[in-house]
Amino acid sequence: MTRTRTRTRTGPTASPPAPAAEPGRTGKQLSRHGARAGASWRDRPMRRITPWLFLLAPLALLITFTYVPVGNMIYYSFTDWDGISPDRDYVGTENYTEIFTRPELFRVFAVSFYYLAASVVQIVIALYFAAVLSFDLRFRNLFKGILFFPYLINGVAIGFVFLYFFQDGGTLDSVLSWFGVGADHAWLGSPESANTSMAGVSVWRFTGLNFVLFLGAIQSIPGELYEAAQLDGAGRWKQFRHIIAPSIRPVLSLSVILAISGSLSVFEIPYIMTGGATETSTFVIQTVKFAFQFNKTGLASACAVVLLAIILVITWIQRRLVPDEKVDLV
């Protein structure tokens, strides 16, 4: 019996066969296709400039309607332009010198304290209702709408509505007469009464804005924290103190900045209701009168620059005293 011996020849491992070329594609085209597939999207010029193309429209609007007007305002503040004549003579710092050498121009800031006190009241009210309505209550959506609705109304319309509300023998006097309170009270007749009344109107109008800011911050808190607090026996007050209050600190800081800047730049309500009479004029109303009543656009522009500088300085001080802290409750 003949035994057949089979020899196995060992050698280097054979490499896998190269992929067959697709029909209609040459080797040079395949190499280019592979290079494109392996290249990063950042290596393509159009991909790199695409994000900037999306920013062109908003940047153009921001520059056109914000920075260019501010630049023109700063330029006008160094001229004696009357707002009508094409002639604008450069007067240097004369307008700023007039502002800082006339104390009566800064006395109007005393009116801002009424609105600053009103801002504190509206922040407290908004924070209270935001904390209460963040829990599961009946008709809470209805109350949310009622609180936010005044902020949706135009400021001019609000001014006219409350002008009739506070007039002698108006709506407020009629309501008070039902409770035996004397009617025909001049609510807008004295500086203290007029400023207090209009500050109360600002509370009614802007409480909804702070309410929405606080409510959004509170609803972003994870629900597991409330469940853990309830298991530990924490009541509503302790949940607010240890969970809600620390989490809304950045939003509260933002509300304080908005309150201060808004108190310094009040315009619509006092301008519509009193026109700045009975010592209710604000710095903005005074600036508008300089520009359109006395035709001193250069001086009015300088007043606007001074107000902008004051708001920026106060905001910077507030941010330095109460810096934002990263809140991580999870």
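Cut-offs and rules
Here the residue numbers are simple positions, counted from 1 along each chain's written sequence. Given that the model is predicted, a residue must reach a pLDDT of at least 70 before its local features are reported, and side-chain atom pairs must reach 80 or more before they are shown or counted; all residues, however, enter totals for whole chains, interfaces and linings. Values shown for side chains rest on all heavy atoms present in the structure; no hydrogens or waters enter the calculation. Under the scheme used here, helices are H or I runs from DSSP no shorter than 4 residues and strands are E runs no shorter than 2 residues, and both carry numbers assigned from the N terminus. Note on classification: 1.4 Å probe, protein chains only; a residue is buried when its accessible area is under 20% of the maximum for its type, exposed when over 50%, partly exposed between these limits. Whether two residues touch is decided by their heavy atoms; if any such pair falls within 4.5 Å, the residues are in contact. Method for areas: the Shrake-Rupley scheme with a 1.4 Å probe, in which residue coverage is limited to the protein chains shown. Only the contacting stretch of a helix is used when fitting its axis, a line to C-alpha atoms as for every element, and angles between N-to-C directions run 0 to 180 degrees. When an angle is under 35 degrees it counts as roughly parallel; over 145 it counts as roughly antiparallel; between 65 and 115 it counts as roughly perpendicular; any other value is oblique. When the near helix sits turned anticlockwise from the far one by under a right angle, the crossing is termed left-handed; a clockwise turn instead gives a right-handed crossing. Three residue categories are used. Nonpolar comprises Ala, Val, Leu, Ile, Met, Phe, Trp, Tyr, Cys and Pro, charged comprises Asp, Glu, Lys and Arg, and polar comprises the others, including Gly. Expected span, for any helix, means 1.5 Å times one less than how many residues it has. The directions considered for the arc run from the helix axis to the C-beta atoms. Side-chain atoms alone can form a polar contact between residues adjacent in sequence; in general such a contact is a pair of N or O atoms within 3.5 Å, and within protein one must be able to donate a hydrogen while the other accepts it. For our purposes a nonpolar core is just a set of buried Ala, Val, Leu, Ile, Met, Phe, Trp, Tyr and Cys residues, chained together by side-chain atoms within 4.5 Å. For every residue, the predictor assigns a confidence score, pLDDT, that lies between 0 and 100. Classification of ring pairs rests on two measures: the distance between centres of Phe, Tyr or Trp rings, Trp counted by its six-membered ring, which must be within 6.5 Å, and the angle between planes, read as stacked under 30 degrees, edge-to-face over 60 and tilted in between.

Observations concerning the overall build of the chain
Tallying secondary structure elements over the chain gives 14 helices and 0 strands in all. When the elements of the chain are put in sequence order from the N terminus, they spell out α-α-α-α-α-α-α-α-α-α-α-α-α-α. Within the span of the chain, comprising 330 residues, buried residues form 31% of the whole. In the chain, the proportion of contacts linking residues at least 24 apart, taken out of those at least 6 apart, comes to 64%. Element-wise, carbon and sulfur atoms account for 64% of the exposed surface of the chain, whose accessible area totals about 21,900 Å².

Topic: the packing of helix H11 (residues 249–264) against helix H14 (residues 297–321)
Contact geometry of H11 with H14 gives a least axis separation of 10 Å together with a crossing angle of 155 degrees. As the angle between them shows, H11 and H14 are arranged roughly antiparallel. Viewed along their axes, H11 and H14 form a crossing whose handedness is right-handed. Along its contact with H11, which presents Ser-253, Val-256, Ile-257, Ile-260, Ser-261 and Leu-264, the element H14 presents Leu-307, Ile-310, Ile-311, Ile-314, Thr-315, Gln-318 and Arg-319. In terms of residue class, the contact of H11 with H14 is made up of 8 nonpolar, 4 polar and 1 charged.

Notes on helix H6 (residues 155–166)
Quick reminder: α-helices carry 3.6 residues per turn. Residues three or four places apart thus point the same way. Between the first and last C-alpha of H6 there are 16 Å, a value that for 12 residues agrees with the 16 Å anticipated at 1.5 Å per step. Residues Gly-155, Ile-158, Gly-159, Phe-162 and Phe-166 constitute the buried set of H6. Buried residues along H6 cover an arc of 100 degrees about the axis, so they all sit on one side. The N-cap residue of H6 is Asn-154: its side-chain oxygen and the backbone nitrogen of Val-156 are 2.8 Å apart.

Some remarks on unusual backbone geometry
Look at Thr-278: it is not a glycine, yet its phi comes out positive at around 50 degrees. Mapped onto the elements of the fold, Thr-278 is located in the loop between helix H12 (268–273) and helix H13 (283–292). Judged by its relative accessible area of 31%, Thr-278 falls in the partly exposed class. Backbone geometry places Asn-295, a non-glycine residue, at a positive phi of 55 degrees. With respect to the secondary-structure elements, Asn-295 resides in the loop between H13 and H14. In this structure Asn-295 comes out as partly exposed when scored by relative accessible area, which is 36%.

Regarding the packing of helix H4 (residues 109–133) against H11
Remark: H4 packs on H11, axes separated minimally by 8 Å, with the N-to-C direction vectors making an angle of 150 degrees. What the angle tells us is that H4 and H11 run roughly antiparallel. Classified by chirality, the crossing of H11 by H4 is right-handed. Residues Phe-109, Ser-112, Tyr-115, Leu-116, Ser-119 and Ile-123 of H4 lie in contact with H11, whose contacting residues are Leu-252, Ser-255, Val-256, Ala-259, Ile-260, Ser-263 and Leu-264. Its residues assigned to classes, the contact of H4 with H11 comprises 9 nonpolar, 4 polar and no charged.

Considering the nonpolar core
The tendency in soluble globular proteins is for nonpolar side chains to be buried as a group. Core analysis: the largest hydrophobic core is formed by 22 residues, its most contacted members being Ala-130, Phe-211, Phe-214, Ile-218, Tyr-226, Ile-244 and Ile-248. Secondary structure elements with two or more residues in this core: H4, helix H8 (191–219), helix H9 (223–231) and helix H10 (236–247). In terms of residues, this core owes the most to one element, H4, which gives 6 residues. With residues up to four places along the chain from it excluded, the contact list for Phe-214 reads Ile-123, Ala-126, Leu-127, Ala-130, Ile-248, Val-251, Leu-252 and Ser-255. Phe-283, Val-284, Ala-291 and Val-305 belong to the second largest nonpolar core, which has 19 residues in total.

Quick look at the confidence of the model for the chain
A low pLDDT score tells you not to read the predicted coordinates there in detail. In this model, the chain carries an average pLDDT of 82, and 84% of its residues clear a pLDDT of 70 or more. Every residue in residues 1–16 scores below 50 in pLDDT, and together they form 0 contacts with partners more than four places removed in sequence or on other chains.

Describing the packing of aromatic side chains
Evaluation of the coordinates by the stated rule reveals 18 aromatic pairs. Taken together, a centroid distance of 5.3 Å and an interplanar angle of 75 degrees make the contact between Tyr-128 and Phe-129 edge-to-face. Accessibility expressed as a relative area gives 54% for Tyr-128, which makes it exposed. Residue class for Phe-129 comes out partly exposed when judged on its relative accessible area of 32%.

A look at the environment of Phe-283
Its place among the elements puts Phe-283 in helix H13. The exposure class assigned to Phe-283 is buried, which follows from its relative accessible area of 1%. In this structure the C-alpha to C-alpha distance between Phe-283 and Val-108, which are 175 residues apart in sequence, comes to 5.8 Å. Sequence-distant contacts of Phe-283, that is, excluding residues within four places in its chain, are made with Leu-105, Val-108, Phe-109, Leu-264, Cys-303 and Leu-307.

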